[in-house]
Amino acid sequence: MEEKDNRQENPIQWLDKNLPQAGELTKVDAWWWLVLLVFLAILALVVFKPDPYARILNFTQDGIVITIVVTISSFVLTMIFGLFCGLGRVSKNRILYGITSIYVEIIRGIPLLVQLLVWYFAFPAIIIQLGTILKIESMQRYLANPVLMAIIGISVCYAAYMAEIVRAGIESLPAGQMEAARSLGMTKTQTMQYVILPQAYRIIMPAIGNEFISLLKDSSLVSVVAVSDLTRRGREFMSTTFMPIETWLMVSLLYLLMTLITTRLTKIIENKTKLVK
Amino acid sequence: MTEPIIQIKDVHKYFKNNIHALRGVSLDIYPGEVIVIIGPSGSGKSTLLRSINNLEEIDFGDITVGGLSVKDHHDINKLRMEVGMVFQQFNLFPHLTVLENITLAQRIVRKRSKKESYQNAMLLLEKVGIPEKAHAYPLQLSGGQQQRVAIARALAMNPKIMLFDEPTSALDPEMIQEVLEVMIQLSKEGITMVVVSHEMGFARAAADRTILMDEGKIVEIASHDELFTNPQEERTRLFLSKIL
């Protein structure tokens, strides 16, 4: 009875809600089994062979926290900075367009690892030399915080790629959307806020998810600039115990578990934000 | 004589590829008038229409709407509030429901309350004949229904002028009539309408004046029957012989 009422109200919406999305859900569920499998593998190793696997997990757990902190904070900054640069890339203002374009081109042409080395080694050295020239005491004693420098380095790099994703998302919308909104008397900002960006973000959602997963994996690069992330802690464990196989098996499984979970989460968000067709 | 509500004075428009799209168009449109513009593709009729609310920036000449010039960019949103526009491709916002499409600009541009804008939207949906689709999304509607929502969305701003840019050209033949009926109904209500269309049925039923454009110029202006029964220009005769 209730079902029949729903159908009468809006048959297309009813079908949409009930048919294809049910299929999507079972697909998502199937992939969660892989997540469970990896989790069980880690659990089995820790429980049945606590030496060395429980020791590795114990030793690297603060590294896991650092990896998550670096990943999430970098990602938040990337989104904010990337959005603004993306808007700059579609701006008619020549100065804004010029600055953001140069930024994107330069950053994309330098490897992330090199950029991290610049932020950790070269940037503090520049501050200290400037301090000497300007005779500012505090600048001369500047000491870079490795985690902060790593977050800045990753965000600055990833925001350049994010800017291009944002630009592509905005440009993929038909010009008629902008024209319709403007013809109703909406300002450019209102049009962006209410019409363009809400559609663009749905389109670029899969790409944003990919970026997050890449960022999570690339965060292992910060291990070379004195950040005690999961990778660096793994290397430290290996060099004290000489157990390369066990160490990197465990570290790989931990990364895999994190990326698989994020993939599933982004898929859920993607499905929820799809345009109703 | 009343003041014209739209004054188009010697307007020229060049596109980036140096095409001279409008070559000195002048036209006065009076309040309540229904103008239909016809002409071959590339004749500049859509460009002229889009210049009226500055979707195309004109290069020479001037257009004023209700005393505001399209060249005064500070007032452009004020001008656009008074000028509704309906597009060939509907251009509804696909991420919003029909109701949200119609209320969005009312709320953020006209600053109406949620309740007022919703009531207004429902009245307009009744008027265009699809109140039951208020909570549907645009992509769930047929082309004809989408275009009627687009008309309701433009009307919701209470414009003094409505511009229609080939409103039925993207529709299947059986849906054209439902949109034309709404437009004919509208033309009887005293709103000023400028319509680019080849729907001669609409022109015959509603137009006060029909304008033929060709190569960026106005070739002939006539009351509708005159244009069809007794065209003055050879170009008009040629064009009509092809479309009728």
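A brief structural summary.

Criteria and thresholds
- Residues numbered from 1 in each chain as written.
- Chains lettered and ligands numbered in written order.
- Predicted model: local features only at pLDDT ≥ 70, side-chain atom pairs only at ≥ 80, totals over all residues.
- Heavy atoms only, no water.
- Helix = DSSP H or I, 4+ residues; strand = E, 2+ residues; numbered from the N terminus.
- Buried < 20%, exposed > 50% of the residue type's maximum accessible area, 1.4 Å probe, protein only.
- Areas by Shrake-Rupley, 256 points an atom, 1.4 Å probe, with all protein chains shown as cover.
- Contact = heavy atoms within 4.5 Å.
- Salt bridge = Lys/Arg side-chain N within 4 Å of Asp/Glu carboxyl O.
- Core = buried A, V, L, I, M, F, W, Y, C linked by side-chain atoms within 4.5 Å.
- Lys, Arg positive; Asp, Glu negative; His and termini not counted.
- Patch = residues over 30% accessible without salt bridge, like charges linked within 9 Å, V, L, I, M, F, W, Y side chains within 5 Å.
- Pairing = 2+ DSSP bridges.
- Axes fitted to C-alpha atoms, helices over the stretch in contact; angles between N-to-C directions.
- Phe/Tyr/Trp six-rings, centres within 6.5 Å; stacked < 30°, edge-to-face > 60°.
- Lys NZ or Arg CZ within 6 Å of the ring centre and 35° of its normal.

### Notes on the overall build of chain A
In terms of helices and strands, chain A carries 12 helices and zero strands. In sequence order, chain A lays out its α and β elements as α-α-α-α-α-α-α-α-α-α-α-α. Each of the 277 residues in chain A was classed as buried or not, and the buried ones make up 40%. Counting only carbon and sulfur atoms, one obtains 68% of the accessible surface of chain A, whose full area is about 15,500 Å².

### Brief notes about helix α3 (residues 98-108) of chain B
Burial within α3 of chain B is extensive, with nine of its 11 residues counted as buried. All buried positions along α3 of chain B are accounted for by Val-98, Leu-99, Asn-101, Ile-102, Thr-103, Leu-104, Ala-105, Gln-106 and Ile-108 of chain B. On its buried side, α3 of chain B packs onto α10 (188-218) of chain A together with α4 (114-127) and α5 (143-155) of chain B.

### Focus: the pattern of salt bridges
All names here are of chain A. Summed over all chains, the structure comprises 21 salt bridges over all chains. Arg-89 serves as the salt-bridge partner of Glu-164, at 2.8 Å between the closest nitrogen and oxygen. Placement of Glu-164 in helix α8 (residues 146-171) and of Arg-89 in helix α4 (residues 50-89) is noted, with a sequence separation of 75 residues between them. Considered together, Glu-164 and Arg-89 belong to a single accessibility category, that of buried residues.

### Focus on the nonpolar core
Formed by 74 residues in total, the largest nonpolar core has its most connected members in Ile-6 and Ile-8 of chain B. Counting residues per element, this core draws most heavily on α8 of chain A, which supplies 13 residues. With residues up to four places along the chain from it excluded, the contact list for Ile-6 of chain B reads Leu-27, Asp-28, Ile-29, Ile-52, Ile-63, Thr-64, Val-65, Ile-161 and Val-194 of chain B. Counting residues in each nonpolar core, the second largest holds 49 residues, with Leu-125, Ala-152, Ile-176 and Met-200 of chain B among its members.

### Some points on the side chain of Asp-165 of chain B
Residue and element names in this part refer to chain B. Tracing the sequence through the fold places Asp-165 in strand β7 (residues 161-165). Buried Asp-165, no salt bridge; nearest opposite-charge side chain is Arg-50, N-O distance 4.8 Å. Asp-165 has contacts with Ser-46, Leu-49, Arg-50, Met-85, Val-86, Phe-87, Gln-88 and Val-196, leaving out every residue within four places of it along the chain.

### Examining unusual backbone geometry
Residues and elements named next belong to chain A. The peptide bond linking Asp-51 to Pro-52 adopts the cis configuration, its omega dihedral lying at 15°. Even without a glycine there, the phi angle at Ala-226 is positive, about 65°. Examined against the element boundaries, Ala-226 turns out to sit in the loop between α10 and α11 (230-241). Judged by relative accessible area, Ala-226 falls into the partly exposed class, the value being 31%.

### Looking at a nonpolar patch on the surface
Residues and elements named next belong to chain A. A contiguous nonpolar surface patch, about 770 Å² in accessible area, is contributed by Trp-33, Leu-36, Phe-39, Leu-40, Leu-43, Val-47 and Phe-48. As for its position among the elements, Leu-40 is in helix α3 (residues 20-48). Exposure remark for Leu-40: the relative accessible area of 42% places this residue in the partly exposed category.

### So, the sheet that holds β7 of chain B
Residues and elements named next belong to chain B. As summarised here, the arrangement of the six strands in space is β6-β7-β8-β3-β9-β10, forming an open sheet in which the pairing is mixed. Edge positions in the sheet fall to β6 (83-86) and β10 (217-222), since each of these pairs with one other strand and no more. Each adjacent strand pair in this sheet contributes to an overall mean axis angle of 20°, direction not counted. Relative to strand β8 (residues 192-196), strand β3 (residues 34-38) runs parallel, the two sharing four bridges. When the bridges of β8 are listed, Ile-35 appears paired with Val-194. Along the sheet, helix α6 (residues 173-187) makes contact with β3, β7 and β8, crossing β8 at roughly 145°.

### Focus: the packing of aromatic side chains
Here the structure, examined in full by the defined rule, presents eight aromatic pairs over all chains. Arranged with centres 5.3 Å apart and planes meeting at 50°, the rings of Trp-119 of chain A and Phe-123 of chain A form a pair that is tilted. One end of the pair, Trp-119 of chain A, and the other, Phe-123 of chain A, are both in helix α6 (residues 112-134), four residues apart, so they sit about a helical turn from each other. By relative accessible area, Phe-123 of chain A is classed as partly exposed at 28%. Connected via pairs of aromatic rings, a cluster forms that spans Trp-119, Phe-123 and Tyr-142 of chain A. The lysine or arginine in question, Arg-233 of chain A, covers the ring of Phe-59 of chain A, its NZ or CZ lying 4.1 Å from the ring centre. Above the plane of the ring of Phe-93 of chain B lies Arg-153 of chain B, whose end atom (NZ or CZ) is 4.5 Å from the centre.

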